[in-house]
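# Results of the structural survey
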Amino acid sequence: MMRQVRKLVSKDRIRFQDSGFDLDLSYITRNIVAMSFPSTGLTAVWRNPINEVMRLLNTKHPNSFMIWNLSGDKYDYESFQNQILEFPFEDHHAPPLELLFAIVKSVDSWISADPAVNVAFVHCKGFFFLLFSSLPHIVSQPHHHHSTPPSSTKVGKEEQES
């Protein structure tokens, strides 16, 4: 039953289903993962159950993960060996630009320390996860993304070169 509820909540998003896991998360790259909030109790019905997130990290990324909690909410950090950094901002809003740069710099520092194994898991409660989870489509088609004019008049690079 919980699987059906999660599928309903996820709507058309593709869930991570591998090795017995069924989680609302996306591998943006080999080193960057966007996931929904790790939860307990009733909220674990529609969000990622914290014990399943712990199992994934300990199984697939032992001793090589760091979590960026972008929400203001805390949970059992000790279960994740305190490998959690907090960069809170209001949910369903973009972070202030200065904070966004700090998040990106922090993620980059972690990955750069050992790019062969370090993995960054980023979550908030909603909006930022949706933004990050849409990146695989954008990243996989950079030429198409950049060549599409950003206006409804379709005046852009292609028309200017003609």
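It should be noted that the structure appears before, not after, this text.
The notes below deal with the structure included here. Please read these numbers as outputs of a predicted model, since none were measured by experiment.

### As for the overall build of the chain
A tally of helices and strands in the chain yields 7 helices and 9 strands. Here the chain holds 162 residues, and the buried ones make up 40% of them. In the chain, the proportion of contacts linking residues at least 24 apart, taken out of those at least 6 apart, comes to 58%.

### Regarding the sheet that holds strand β3 (residues 25–27)
Across the sheet, 5 strands lie side by side as β3-β4-β9-β7-β8; this open sheet has mixed pairing. Across the chains shown, the open sheet's two edge strands, defined by having one partner strand only, are β3 and β8 (84–86). Taking each pair of neighbouring strands and ignoring which way they run, the sheet shows an average axis angle of 20°. Running at roughly 145° to strand β7 (residues 65–69), helix α2 (residues 50–60) makes contact with β3, β4 (32–35), β7 and β9 (119–123) of the sheet. Sheet strands touched by helix α3 (residues 97–113): β4, β7, β8 and β9. Its angle to β7, the strand with the most contacts, is close to 175°.

### Looking at the packing of aromatic side chains
Here the distance between the centres and the angle between the planes together describe a pair of aromatic rings. Summed over the entire model, instances satisfying the criterion amount to 3 aromatic pairs. Both rings, one in F37 and one in Y75, keep their centres 5.3 Å apart while their planes meet at 85°; by these two values the pair is edge-to-face. Here F37 is found in the loop between β4 and β5 (38–39), whereas its partner Y75 is found in the loop between β7 and β8, with 38 residues between them in sequence. Taking the relative accessible area as the measure of exposure, F37 reaches 6% and is therefore buried. Taken together, a centroid distance of 5.8 Å and an interplanar angle of 85° make the contact between Y75 and F80 edge-to-face.

### Description of the environment of T59
On the secondary structure map, T59 appears in helix α2. Put simply, T59 and S19 are 40 residues apart on the chain and 9.9 Å apart in space, counted from C-alpha to C-alpha. A distance of 2.6 Å separates a polar side-chain atom of T59 from the backbone oxygen of R55.

### Observations concerning the nonpolar core
L25, L56, L57, I67, Y75, F80 and F121 are the most contacted members of the largest nonpolar core, which has 20 residues in total. The element best represented in this core is α2, accounting for 5 residues. When near neighbours in sequence (up to four residues on either side) are disregarded, F121 contacts Y27, V33, M35, L56, L57, H61, F65, M66, I67 and W68. Judged by nonpolar contacts, the second largest core, of 12 residues, contains F87, V107, W110 and V122.

### Concerning the pairing of β7
Buried residues dominate β7, accounting for 5 of its 5 residues. Every second residue of β7 is oriented toward a common face, with F65, I67 and N69 on one face and M66 and W68 on the other, all of them buried. Bridge analysis of β7 against β9 gives 5 bridges, and the strand direction is parallel. The residue bridging I67 from the neighbouring strand is F121, located in β9. As defined by bridge partners, β7 adjoins β8 across 3 bridges and the pair is classed as parallel. By the bridge assignment, I67 is partnered in β8 with I84.

### A few points about the pairing of β9
Among the 5 residues of β9, 5 are classified as buried, and the element is accordingly described as predominantly covered. Here β9 shows a buried face lined by V119, F121 and H123 and a second buried face lined by A120 and V122. Pairing of β4 with β9 involves 3 bridges; the strand directions are parallel. Its bridge partner lying in β9, V33 is registered against F121.

Cut-offs applied
Residues numbered from 1 in each chain as written. Predicted model: local features only at pLDDT ≥ 70, side-chain atom pairs only at ≥ 80, totals over all residues. Heavy atoms only, no water. Helix = DSSP H or I, 4+ residues; strand = E, 2+ residues; numbered from the N terminus. Buried < 20%, exposed > 50% of the residue type's maximum accessible area, 1.4 Å probe, protein only. Contact = heavy atoms within 4.5 Å. Pairing = 2+ DSSP bridges. Axes fitted to C-alpha atoms, helices over the stretch in contact; angles between N-to-C directions. Phe/Tyr/Trp six-rings, centres within 6.5 Å; stacked < 30°, edge-to-face > 60°. Polar contact = N/O pair within 3.5 Å; in protein donor to acceptor, adjacent residues only side chain to side chain. Core = buried A, V, L, I, M, F, W, Y, C linked by side-chain atoms within 4.5 Å.

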